Every structure is written in structure tokens, then in C-alpha cells.
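Residues per chain, in single letters:
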Amino acid sequence: MAKRLSRARVFSKGVSDSVSEMVQLVLPNDTNVLGNLLGGTLMHWIDLAGAIVANRHCRLPIVTASMEGLDFMSPIPLGYLVVLKGKILYAGTSSMEVRVEVYSEDTLSGKRRLTSTAFLSYVAVDREGRPVPVPPLDLSTDEEQKNFQEAEKRKKQRLAKMKKLKSRSANDSES
Ligand SMILES: CC(C)(COP(=O)(O)OP(=O)(O)OC[C@H]1O[C@@H](n2cnc3c(N)ncnc32)[C@H](O)[C@@H]1OP(=O)(O)O)[C@@H](O)C(=O)NCCC(=O)NCCS
């Protein structure tokens, strides 16, 4: 395990090394009373699609640290395909941010529509659940640079929010 962990630390990787696409079919068990995909099921698929990207980047065990910016713009009906496209935007010391875009696809016409996007953060961990380093992210285009900088800003805001939440939770447990 130690050898595998140290190897993961050495090499940097590009964005295209971990880009992934996952496709699901909306079956009756996945739908609400209106015959559309359940939000919770879609959130589960988004988390999986993002985790595949993060794991391909670091090739280490990972945990989901946060999911944000998720909106459901239009319903996805029974019998449609759900196409989830994931791309890494940022790699820090042990954390990675991944954007997942969700498209519905009509199986008869092939027409695709963007229905959701979300930003997910994953942290690579060892067997005890402690954060471990991930490979740096090589940025080869202006767009990748921009995505990285924007992700860094979100990370700062997220950590500030977490700090507030942690101090509130410490105060609550004292009272
Ligand atoms: C995510 C987790 C491993 C971070 O552990 P921690 O001891 O707080 O780690 P640190 O404060 O040293 O932060 C480690 C990294 O995680 C990032 N991080 C911590 N909390 C985060 C959050 N809520 N969202 C995004 N990133 C976060 C930090 O920015 C840091 O990134 P960096 O190494 O790239 O700079 C820990 O909070 C955890 O295990 N959470 C539960 C995860 C889980 O169970 N997920 C399943 C769904 S609930």
C-alpha cells in the first residue's frame, strides 16, 4: 500500500486523464409519482460520476467532502437516458474539485438537454481516513487555468463556511 501511495504522489496528471462519462437508464424504480427521475437518485449518480473522475486522477481511496451548486433545471422522464459528464477542475494537496454536467437524452430522437450541473469535492484518504496527497493537476489551456482559479475561490469560501459551522457546532455542544 505504501509503495502505491508514494507512486500516486509523484506524477502530475492532465485534465483529460480522468475525464469520464457515465450513462444510466431511468427505470420505474428511479421515478417519483409523476414518472420523472427522483432527485435523490440523480444526486447519487452525480456523486458516483464525480468520484470516478477523482479516483482516476489520484488512484487512491476517496471520500466525498462536499456537493454544491446543484439545481434541477428540468425533469428527466422514465425511459430516458441520463448522461453524466465529469471533469476535474482543481487538485490541491489532498482535495480535488470535479464538475459534473447532467444531460437527459431521449432514446428515440437522441435529443440531449443539459438538466443539472454540480461541483463536488473529494479528499484522498488512507486506511484510517486521514487525508493523503494527490497528484498535482497539469493545466494546459486557458480554460483549465480559469477553471482552476475559480475552483480555488470556491474552496476558500467553502472552508470559511466550514469554519463557521464548526465553531457553531462547538458552541452548541457546550450549551
Ligand atoms: C473530508 C475529510 C477527510 C477532511 O478531513 P479533515 O481532517 O477536515 O482534513 P483537513 O482539514 O486537513 O483538509 C484536508 C483537505 O480536505 C479539504 N476539505 C476539508 N473539508 C472540506 C469540505 N467540507 N469541502 C471540501 N473540501 C474540504 C481541505 O480543503 C483540504 O484540502 P487540501 O489538502 O487540498 O488543501 C473529513 O472531513 C471527512 O472524513 N469527512 C466525511 C467524509 C464522508 O464521510 N463522506 C461521505 C458522505 S457524508
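Q: What's the story with the overall build of the protein chain in this structure? I'm lost.
A: Scanning the protein chain from terminus to terminus reveals three helices and seven strands. Its helices and strands in sequence order give the protein chain the pattern α-β-β-α-β-β-β-β-β-α, from N to C terminus. Its C-alpha atoms give the protein chain principal-axis dimensions of roughly 50 × 50 × 35 Å. Relative to its 175 residues, the protein chain shows a buried fraction of 27%. Sequence separation of 24 or more characterises 74% of the internal contacts of the protein chain that already satisfy a separation of 6 or more.

Q: Would you take a moment to explain the environment of Tyr 80 for this structure?
A: One can find Tyr 80 in the loop between β3 (62-68) and β4 (81-91). Leaving out residues up to four positions away in the same chain, Tyr 80 has contacts with Val 26, Ser 104, Glu 105, Asp 106 and Thr 107.

Q: I would appreciate a short explanation of the nonpolar core in the present structure.
A: As a rule of thumb, soluble globular proteins bury nonpolar side chains together. Counting residues in each nonpolar core, the largest one holds 32 residues, and the members touching the most others are Ala 54, Ile 88, Met 96, Val 98 and Val 100. Those elements giving two or more residues to this core turn out to be α2 (39-58), β4, β5 (95-105) and β6 (112-124). Every residue in contact with Ile 88, bar those within four places of it in the chain, is listed here: Val 15, Ser 18, Val 53, Ala 54, His 57, Met 96, Val 98 and Leu 137.

Q: Help me understand the site of the ligand, please; the structure alone is not making it clear to me.
A: Around the ligand, a shell composed of 17 residues is seen, among which Ser 66, Gly 92, Thr 93, Ser 95 and Ser 121 lie nearest. For the shell around the ligand, the secondary structure elements donating two or more residues are β3, β6 and α3 (142-174). A per-class count over the shell around the ligand returns seven nonpolar, eight polar and two charged.

Q: Any chance you could explain α2 here in plain terms?
A: Each full turn of the α-helix corresponds to 3.6 residues, which orients residues three or four apart in the same direction. Compared with an ideal rise of 1.5 Å per residue, which puts 20 residues at 28 Å, α2 spans 29 Å between its outermost C-alpha atoms and is within 8% of the ideal. Buried within α2 we find Leu 42, Ile 46, Ala 49, Gly 50, Val 53, Ala 54, His 57 and Cys 58. Projected onto a plane normal to the axis of α2, the buried residues spread over an arc of 160° and lie on a single side.

Parameters and conventions
- Counting starts from 1 at the beginning of each chain's written sequence and moves along it residue by residue.
- A pLDDT threshold of at least 70 governs which residues receive local features in this predicted model, and a stricter bar of 80 or more applies before side-chain atom pairs are shown or counted, although totals over entire chains, interfaces and linings include all residues.
- Strands are runs of DSSP state E lasting at least two residues, helices are runs of H or I lasting at least four, and both sets are numbered from the N terminus onward.
- Residues with at least 20 other C-beta atoms within 10 Å of their own are called buried, those with 12 or fewer are called exposed, and the rest are partly exposed. The C-beta atoms themselves are positioned from the backbone.
- Residues are scored as being in contact if the C-beta atoms we place from backbone atoms lie within 7 Å.
- As used here, a nonpolar core is made of buried Ala, Val, Leu, Ile, Met, Phe, Trp, Tyr and Cys residues. They are joined through C-beta atoms within 7 Å.
- Nearness here has a simple definition: the residue's C-beta atom, placed using the backbone, must lie within 6 Å of the molecule or strand.
- Polar here means any residue outside two lists: the nonpolar Ala, Val, Leu, Ile, Met, Phe, Trp, Tyr, Cys and Pro, and the charged Asp, Glu, Lys and Arg; Gly therefore counts as polar.
- What a helix should span is 1.5 Å times the count of its residues minus one.
- Note that the arc is defined by the directions from the helix axis to the C-beta atoms.

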